[in-house]
Amino acid sequence: MKYKMETDTFCKTAAYDSTDSLLRETDLAIMEIVGGKPLEGTITIQGSKNAALPMMAAALLSEEASELIGCPDILDVRNTLALLEELGVKTTQIKGRVRIDAGKICTTEISEKYANKMRSSIMLLGTLLGRFQSVEITYPGGCVIGKRPIDMHLDMLHAFGVVITECDGRLRAERKSLRGTIYRFLKKSVGATEHGILTAVLAEGESIFYNCAQEPEIISLCTMLVQMGAQIEGSGTSRILIRGVKKLHGIQKEVPKDRIAAGTYLLAGAATRGKVTLDQAPVQEMEAILYVYGKMGGQYKVIGGKLLTDSRKVRYPVRNLQTREYPGFPTDLQSPFLAACLTIPGVSQVEETIFENRFKVVCQLQKMGGKIWCDNRRAVVWGGVPLKGTHVIAEELRGGAALVIASLYASGKTVIENCQLIQRGYENICQDLYCLGADISI
Ligand code: EPZ
């Protein structure tokens, strides 16, 4: 379907219901952007995708219903709800309030229909083993940003005494009992850390995890679980201790705001030299992002929960940025950062230290005239070369966001195909950008 946001009331009314249109566009969604205008105005930052998904899994640990407030209405959330419904979980999603009632799960055989759309579905293995003897799932899907192995997830489950067999791309996990364990992650993994926590909270006895990821979404997951009755110490540090309990009770919990969405809009403002205010941006989680923004020449201040940014003086290339685990510069903003660097004369460089192949968007940016060189770990940008609107294809979520940013700067019209991939993580990206003055339609 095609809609053009004709009226200004569009941004002000909450009447626009992206919910239905979101799903109808999953098979073919095309975005059209005419670039060249500085973004100006205020948008409200959505709930965090990467916090909401593990919190939805946590709700399955209790037979009582839980409700997430401020949950983003994005494809990954909708696909997760549809997956849970197939298990017999009762779910509702009304304007950001997601209710999950896992009191009557009738099967733990997770169909591939949804599981291979999102990598986060792997953590349902350990989550459901807390209440059921066996779980079956298809190898998880997710972005094309590298191999995305799940070796640490499976190795962690083995440490709990879980027996895992694989047949025709299906994983079957079984346990006689779930015994607490001591486990050191080979490398910091957000998903594997979350998976370990979700497995340990109902296991018998004590578990200790070493070399845990320390992203804010780990803290929000642990906070929710503790309020449900779990016993967890050390969340947000590299060592987490969990004492297993018999039962957890339901809870109502606010989903924290999305620092990656906030960083994406901040970089869109930088690319167009605009003045963008990000209401409810989680500034306390954005130190590394704001540091880089300042190095580019961006100016910002925080007033009453709003992050006011002024990119009119953005002009300095960034010579040697490295993506790092939190609190370093997030890998999820690496592609949007590349797009912003294309608008700044001079040589910028970024090293991707988390994933081994997260520069897929480079060839699409080159199609727009971008001068970028990359190997599988590093990208060098010769910024300041004019970009021209053309037909590009989004191949994964954050690369798609980078194409949007480049299109907002480029002269002429850019058509972005596959933008349902962008809607996996951004709740109302078209509406938000339209409210900031972009010439955009989907
Ligand atoms: C989470 O993915 C996020 N997804 C990703 O965001 C984010 O980029 C990533 O963490 C890093 O911050 C969600 O939270 C749903 P990892 P995850 O396990 O958990 C390797 C987005 O755009 N690894 O921390 O899958 C892995 O290959 C998405 O919102 C193993 O080797 O990432 C990577 O190199 C993209 N074996 C590194 O660890 C494993 O078993 C970090 O990955 C697991 C991971």
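These figures come from a predicted structure and were not determined experimentally.

Definitions and limits used
Residues numbered from 1 in each chain as written. Predicted model: local features only at pLDDT ≥ 70, side-chain atom pairs only at ≥ 80, totals over all residues. Heavy atoms only, no water. Pairing = 2+ DSSP bridges. Helix = DSSP H or I, 4+ residues; strand = E, 2+ residues; numbered from the N terminus. Axes fitted to C-alpha atoms, helices over the stretch in contact; angles between N-to-C directions. Disulfide = S-S within 2.5 Å. Phe/Tyr/Trp six-rings, centres within 6.5 Å; stacked < 30°, edge-to-face > 60°. Buried < 20%, exposed > 50% of the residue type's maximum accessible area, 1.4 Å probe, protein only. Expected span 1.5 Å × (residues − 1). Polar contact = N/O pair within 3.5 Å; in protein donor to acceptor, adjacent residues only side chain to side chain. Near = heavy atom within 4 Å. Areas by Shrake-Rupley, 256 points an atom, 1.4 Å probe, with all protein chains shown as cover. pLDDT = per-residue confidence, 0-100. Contact = heavy atoms within 4.5 Å. Domains from an automatic or database assignment. Salt bridge = Lys/Arg side-chain N within 4 Å of Asp/Glu carboxyl O.

Here we look at the sheet that holds strand β2 (residues 40–44)
Spatially, four strands are ordered β2-β14-β16-β15 in an open sheet, and the strand pairing comes out mixed. Taken across any chain shown, the strands that pair with only one partner, and hence form the sheet edges, are β2 and β15 (299–303). Across the sheet, the mean angle separating the axes of adjacent strands is 15 degrees when strand polarity is ignored. Note that β2 and strand β14 (residues 275–279) share five bridges and pair parallel.

Section: the state of the cysteines
By definition, a disulfide is the covalent link that joins the sulfur atoms of two cysteine residues. Following the criterion strictly, the structure yields zero disulfides and no others. For C341, which is in no disulfide, the shortest distance to another cysteine sulfur is to C374 and amounts to 14 Å. The structure places no disulfide on C419, whose sulfur is separated from the nearest cysteine sulfur, that of C430, by 6.4 Å.

Some points on the packing of aromatic side chains
Under the defined criterion, the tally for this structure stands at five aromatic pairs. When the centroid spacing of 6.2 Å and the interplanar angle of 45 degrees are considered together, the rings of F160 and F209 count as tilted. Here the residue F160 occupies a position in the loop between α7 (151–159) and β7 (163–167), and F209 occupies one in strand β10 (residues 206–210), the gap between them amounting to 49 residues. Ring plane angle 75 degrees and centroid distance 5.1 Å describe the contact between Y183 and F185, whose orientation is recorded as edge-to-face. Here the two residues Y183 and F185 agree in accessibility, since each one is buried. An aromatic cluster of at least three residues, connected via ring pairs, comprises F160, Y183, F185 and F209.

Let's talk about helix α10 (residues 259–271)
For α10, spanning 13 residues, the distance from its first C-alpha to its last is 18 Å, which sits close to the expected 18 Å at 1.5 Å a residue. With 13 of 13 residues buried, α10 is to be regarded as a mostly interior element. Two or three places before I260, at the start of α10, stands the capping residue D258, its side-chain oxygen 2.8 Å from that residue's backbone nitrogen.

Quick look at the site of the ligand
Around the ligand lies a shell of 22 residues, among which R119, D151, S189, D332 and I354 are the nearest. Measuring from a nitrogen atom of the ligand, one finds a side-chain N or O atom of D151 at 2.6 Å. Protein contacts shield 91% of the accessible area of the ligand, which totals 820 Å² for the unbound molecule. Of all the elements in the fold, those that place two or more residues in the shell around the ligand are α3 (49–58), α7, α8 (190–200) and α14 (397–409).

Here we look at the pairing of strand β8 (residues 170–174)
Residues of β8 alternate between two faces, with L171 and A173 buried on one and R170, R172 and E174 left unburied on the opposite face. With five bridges joining them, β7 and β8 adopt antiparallel strand pairing. Within β8, the position partnered with V163 by the bridge is E174. The turn joining β7 and β8, which pair antiparallel and follow one another in sequence, is formed by two residues; a positive phi near 50 degrees is taken by D168.

Notes on the confidence of the model for the chain
For the chain, per-residue confidence averages 92 on the pLDDT scale, and residues scoring 70 or more make up 92% of the total. Across residues 1–20 the pLDDT falls below 50, and counting only partners more than four positions away or on other chains, this stretch makes 40 contacts in the model.

Description of the domain arrangement of the chain
Taken domain by domain, the chain comprises domain 1 (3–46 + 257–441) and domain 2 (49–254). Put simply, the middle of domain 1 and the middle of domain 2, counted by C-alpha atoms, are 30 Å apart.

Examining the pattern of salt bridges
Where side chains of opposite charge bring their charged atoms close, a pairing between them can arise. Scanning the model with the defined rule gives 16 salt bridges in all. Here R97 ties to E67 by a salt bridge, and the two come within 3.1 Å at their closest N and O atoms. Pair noted here: R97 is in strand β5 (residues 97–101) and E67 is in strand β3 (residues 66–69), with a separation of 30 residues, a long-range link. Overall, E67 belongs to the buried group, its relative accessible area being 18%. The residue E217 makes a salt bridge to R259 at a minimum N-O spacing of 2.8 Å. In this pair, E217 is assigned in helix α9 (residues 216–227) and R259 in helix α10, connecting sequence segments 42 residues apart. Since its relative accessible area comes to 6%, E217 is described here as buried. R259 gets classed as buried once you look at its relative accessible area, which sits at 8%. What emerges from the salt-bridge pattern is a single network uniting E136, R170, R172 and E174.

Section: helix α11 (residues 287–296)
Among all positions of α11, only A288, I289, L290, V292, Y293 and M296 are buried. Two residues or fewer after α11 comes G297, characterised by a positive phi angle close to 110 degrees.

Concerning the sheet that holds strand β19 (residues 371–374)
Read across the open sheet, the four strands follow the order β17-β18-β20-β19; overall the sheet is mixed. If you trace the sheet from one side to the other, it starts and ends with β17 (321–322) and β19, each paired once. Both β17 and strand β18 (residues 346–351) contribute to a ladder of two bridges, which runs parallel. When the sheet's bridge partners are listed, Q322 is paired in β18 with E351.

A look at the pairing of strand β6 (residues 134–138)
Of all five residues in β6, five are buried; the element is thus mostly enclosed. Residues S134, E136 and T138 line one face of β6 and the alternating positions V135 and I137 line the opposite face, and both faces are buried. Taken together, the five bridges between β6 and β8 define a ladder with antiparallel strand orientation. The partner of V135 across the bridge, within β8, is A173.

Some details on the environment of V314
As for its placement among the helices and strands, V314 is situated in the loop between β16 (306–310) and β17. Look at V314 and you get buried, because its relative accessible area is 4%. With 246 residues separating them along the chain, V314 and L68 place their C-alpha atoms 38 Å apart. If we skip the residues at most four places from it in the chain, V314 touches A270, R273, Y293, M296, G297, G298 and I344.

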